[in-house]
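Spelled out, the chains give:
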Amino acid sequence: MQNDQGDNVDLYVPRKCSWTRRIITAKDHSSVQINVANVDPVTGIATGESTPYAMTGYIRNKAEGDMALTALVTANDAQTLAAASEE
């Protein structure tokens, strides 16, 4: 919810799983958020920015967290390289 000035005034803003698009509830204590550093494709040096990925406890419980994170990072890397080659 937003006030008259357009500021976000919600006490709790739920996150969504990056892999399943499920809402991560407040009681999901096994969920994690991992920040992966962005790397310059030319120099191979970290740029100081990062991309967050949220995983639900459901994915981690099924032992698919590493596969999901690898697929998400690979897809983001492919998009980043495609955008860099267009410039």
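Keep in mind that what you see is a predicted model, and the values were worked out from it rather than measured. (Residues numbered from 1 in each chain as written. Predicted model: local features only at pLDDT ≥ 70, side-chain atom pairs only at ≥ 80, totals over all residues. Heavy atoms only, no water.)

Draft legend 1. Fine view of the confidence of the model for the chain. Of the residues in the chain, 94% have a pLDDT of 70 or more, and the chain-wide mean is 88. Of all helices and strands in the chain, the one with the weakest mean pLDDT is helix α2 (residues 65-86) (84), whereas strand β2 (residues 23-24) scores best (94). (pLDDT = per-residue confidence, 0-100. Helix = DSSP H or I, 4+ residues; strand = E, 2+ residues; numbered from the N terminus.)

Draft legend 2. Structural detail: the packing of aromatic side chains. Going through the model one piece at a time under the given rule, you end up with zero aromatic pairs. Lying over the aromatic face of Tyr-58, Arg-22 brings its terminal NZ or CZ to 4.1 Å of the ring centre. (Phe/Tyr/Trp six-rings, centres within 6.5 Å; stacked < 30°, edge-to-face > 60°. Lys NZ or Arg CZ within 6 Å of the ring centre and 35° of its normal.)

Draft legend 3. View of the pairing of strand β3 (residues 32-39). Examined bridge by bridge, β3 and strand β4 (residues 46-55) share seven bridges and lie antiparallel to one another. Bridge pairing links Val-32 to Met-55 in β4. Hairpin connection, β3 to β4: the antiparallel pair is bridged by six residues, and Gly-44 has positive phi, about 80 degrees. (Pairing = 2+ DSSP bridges.)

Draft legend 4. Spatial organisation of unusual backbone geometry. Unlike most non-glycine residues, Arg-21 shows phi in positive territory, near 65 degrees. Topologically, Arg-21 is positioned in the loop between β1 (15-16) and β2. We note that Ala-63 has phi near 60 degrees; this positive angle belongs to a residue other than glycine. Structurally, Ala-63 can be placed in the loop between α1 (57-61) and α2.

Draft legend 5. Seen up close, the environment of Lys-16. Note on placement: Lys-16 falls in strand β1. Lys-16 sits 38 residues away from Ala-54 along the chain, and the two C-alpha atoms are 6.9 Å apart. Once you skip the residues sitting within four places of it in the chain, Lys-16 turns out to touch Arg-21, Arg-22, Ile-23, Ile-24 and Ala-54. (Contact = heavy atoms within 4.5 Å.)

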